[in-house]
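Each chain is listed here by its residues.
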Amino acid sequence: MGFFKKKSNSKIHSNSISASQMMTTSSTNELKANLQENIQIIKDSIGKSSDIIIREIRIGKEGTIKAGIIYTDGLTDTTALQNFILETLMLDIKETELQEKLSPEQNLITVLKDFAMTVGEIKELTNFEVLFTGLLSGDTIILIDGYAQGLIISNRHWVERGVTEAAAQVIVRGPREGFSENLRVNTALVRRRLKDPNLWMETKVIGKRTKTNVAMMYINGIANDKIVKEVRLRLDKIDIDGILESGNIEELIKDGPYSPFPTILNTERSDVVAAELLEGKIAIFVDGTPFVLIVPAIFVQFFQSSEDYYQSADIASLIRLLRFFAFAIAMLAPALFIAVTTFNHVMLPPSLLISLAAQREGAPFPAFVEAIIMEVTFEILREAGLRMPRSIGSAMSIVGAFVIGTAAVEAGIISAAMVIVVSITAISSFVSPTYNLAISGRILRFGFMAIAASFGLLGITIGLIALLLHLCSLRSFGVPYMSSLAPFNLSDQKDTFIRLPIWDFFTRPRLINQQNIFRQQDSASAKPEPPKNKESEGG
């Protein structure tokens, strides 16, 4: 009993120490009224960082007031600093009696902010946490001796990549502009397309050390309030030291973390984000990356390309059906070939069976081992082509695959039919408009190959049923992953396997959007009609 009592007392003592430490930390986090003390704390915190510039100046009539200017070289616009901050403080108000003109409810910090500084965005600060966040983001800090307050002026500027064409999502027809690594540039690209006051954006700072800006954008009145609340809740729960790319956010908030299928869509195209927002979805921007996250995401969405809506409906529907077919080939073709040649010979025509048997005569490996060798070889070539310089990467992949495949057939290690099947599979995997879904097909391909080598077509059938059950069990922020198919919704089939004309898009997806579901007038009245011939009417 004495042991437990002693342990309890020590716990209370530790809690009181922790509380006192928190109070001490809170007090030391506040700015001091002494300028030199504030500057010394900043120097002690940043170490000997040569890119942090601290300049002490005197302002007011006869330089009676001490002030400090702190900024980060390379992240701050020094031209704006010189023209709008230093010039204002050292020249424009040089002959002004600042202290004498203060009213009882004003202080010097407020007067400088409201009447002197000719900059766009300026805020007051009272603690070092806000000071360091702004300073290391490129803002300029102004501290005045005698005041436990300061000013944080937004004049960020650094060398960045401009708006260029999206590299990962290439299209034939449509806008060419893609996102960059600047959060504000990316949000501006979307804002330029959607000039709606209901386009709301909430910005959060995530990462204890990186202090990464993360923005959540949605259209109020169209987006589902429950999904907006869920996204906000998941972002608020993130407690990590650093966020370097939107992939970090995706992994922390997505559903089905162990599923091979992506439950969050990522894109670097502003037109795609604008279109998804109009459907009631939510976009998540992360500073420092051109890839924007779209939630919720459904299965059929990964087969849709922005180009589908810039071409006629019949062409877009044909291409979309081709994508579904190519995904099935990329996932199942090697497995079907292994199953048929190993277990289910009777399904082949006699002439084709004799040809395949002649090719495999003398082959040292079974069909499954041949497929594994070729698939692994092609995956290595694919990765090598991606990592090598662009000028030689594609050429190396094509030449390498051709040379290795030809040499393997001539050496009798691999049958010619297997090389053809693997080649068709590889080409089909590139048809998918989203890279994430193509990777899912590549992963599942090896699983189906193993099942086919063990159980034949029966194993493939069981595997497909299990895969379908898995897809139906997935959700993306509460929305069924197989929405419009399971549960089946007839009105949403206009943009699933095929795309109907734009004038027939009467409603938004019902499972994603449950308010303001109508996007245009009645489809019958929206259907375009050719102009009537006045001469025929007169006749």
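Just so it is clear, the model here is predicted, and its values are computed rather than measured. (Residues numbered from 1 in each chain as written. Predicted model: local features only at pLDDT ≥ 70, side-chain atom pairs only at ≥ 80, totals over all residues. Heavy atoms only, no water.)

## Quick word on the environment of alanine 450
Item 1. With respect to the helices and strands, the residue alanine 450 is situated in helix H15 (residues 435-473).
Item 2. What makes alanine 450 partly exposed here is its relative accessible area of 34%.
Item 3. Measuring from C-alpha to C-alpha, the distance between alanine 450 and isoleucine 372 comes to 9.4 Å, with 78 residues separating the pair along the chain. (Helix = DSSP H or I, 4+ residues; strand = E, 2+ residues; numbered from the N terminus. Buried < 20%, exposed > 50% of the residue type's maximum accessible area, 1.4 Å probe, protein only.)

## Focus: the side chain of lysine 281
Item 1. Position of lysine 281 relative to the elements: it lies in the loop between helix H9 (270-278) and strand S9 (282-286).
Item 2. Its relative accessible area of 2% is what places lysine 281 among the buried residues.
Item 3. For lysine 281, the side chain forms a polar contact with the side chain of glutamate 276, separated by 3.1 Å.
Item 4. Within the structure, lysine 281 has its side chain in polar contact with the side chain of glutamine 301 (distance 2.8 Å).
Item 5. Dropping the residues within four chain positions of it, lysine 281 is found in contact with Met217, Tyr218, Glu276, Ile294, Val295, Pro296, Gln301 and Ile512. (Polar contact = N/O pair within 3.5 Å; in protein donor to acceptor, adjacent residues only side chain to side chain. Contact = heavy atoms within 4.5 Å.)

## Here's the deal with the side chain of asparagine 224
Item 1. Tracing the backbone through its elements, the reader meets asparagine 224 in the loop between strand S7 (212-219) and helix H7 (225-236).
Item 2. Asparagine 224 gets classed as buried once you look at its relative accessible area, which sits at 10%.
Item 3. Among the polar contacts made by the side chain of asparagine 224, one reaches the main-chain amide nitrogen of lysine 226 at a distance of 3.0 Å.

## Focus on the UniProt feature "transmembrane region" (unreviewed entry) in the protein
Item 1. Under the UniProt annotation, the feature "transmembrane region" (unreviewed entry) is placed at residues 282-303, 324-343, 402-431 and 443-469.
Item 2. From the first C-alpha to the last, residues 324-343 spans 27 Å; its make-up is 95% helix and 0% strand. (UniProt positions renumbered as here; feature names shortened; annotations may be inferred.)

## Some thoughts on the packing of aromatic side chains
Item 1. Counting across every chain of the model gives 9 aromatic pairs.
Item 2. With a centroid separation of 4.1 Å and an interplanar angle of 20°, the aromatic rings of phenylalanine 303 and phenylalanine 324 are classed as stacked. Here phenylalanine 324 lies in helix H10 (residues 313-342) and phenylalanine 303 lies in the loop between strand S10 (292-295) and H10, a separation of 21 residues in the sequence. Each member of the pair, phenylalanine 303 as well as phenylalanine 324, carries the same accessibility label: buried.
Item 3. Taken together, the aromatic side chains of Phe261, Phe299, Phe303, Phe324, Phe327, Tyr481 and Phe497 make up a single cluster linked through ring pairs. (Phe/Tyr/Trp six-rings, centres within 6.5 Å; stacked < 30°, edge-to-face > 60°.)

## Let's talk about unusual backbone geometry
Item 1. Cis geometry marks the peptide bond from valine 295 to proline 296; its omega dihedral reads -10°.
Item 2. Residue position: proline 296 is located in the loop between S10 and H10.
Item 3. That bond from alanine 486 to proline 487 is cis: its omega, 0°, falls within 30 degrees of zero.
Item 4. Note on placement: proline 487 falls in the loop between strand S12 (479-480) and helix H16 (523-526).
Item 5. Although it is not a glycine, lysine 211 sits at a positive phi angle of roughly 50°.
Item 6. Among the secondary structure elements, lysine 211 is positioned in the loop between strand S6 (199-206) and S7.
Item 7. Even without being glycine, phenylalanine 477 reaches a positive phi, approximately 55°.
Item 8. When you line up the elements, phenylalanine 477 lands in the loop between strand S11 (475-476) and S12.

## Quick notes on the pattern of salt bridges
Side chains that differ in charge, positive against negative, can pair when their charged atoms come close.
Item 1. Scanning all chains against the criterion turns up 21 salt bridges.
Item 2. The partner of arginine 176 in a salt bridge is glutamate 165, with the nearest N and O atoms 3.5 Å apart. With a gap of 11 residues between them, arginine 176 in the loop between strand S5 (150-153) and helix H6 (183-193) and glutamate 165 in the loop between S5 and H6 connect regions that are remote in the sequence.
Item 3. Among the residues examined, arginine 176 registers a relative accessible area of 39% and is labelled partly exposed.
Item 4. Judged by its relative accessible area of 42%, glutamate 165 is partly exposed.
Item 5. For the salt bridge of arginine 445 with glutamate 375, the shortest nitrogen-to-oxygen distance reads 2.7 Å. With a gap of 70 residues between them, arginine 445 in helix H15 and glutamate 375 in helix H12 (residues 367-387) connect regions that are remote in the sequence.
Item 6. Judged by its relative accessible area of 1%, arginine 445 falls in the buried class.
Item 7. Salt bridges here are not isolated pairs; linked through shared partners, they connect Glu375, Glu379, Arg382, Glu383, Arg442 and Arg445. (Salt bridge = Lys/Arg side-chain N within 4 Å of Asp/Glu carboxyl O.)

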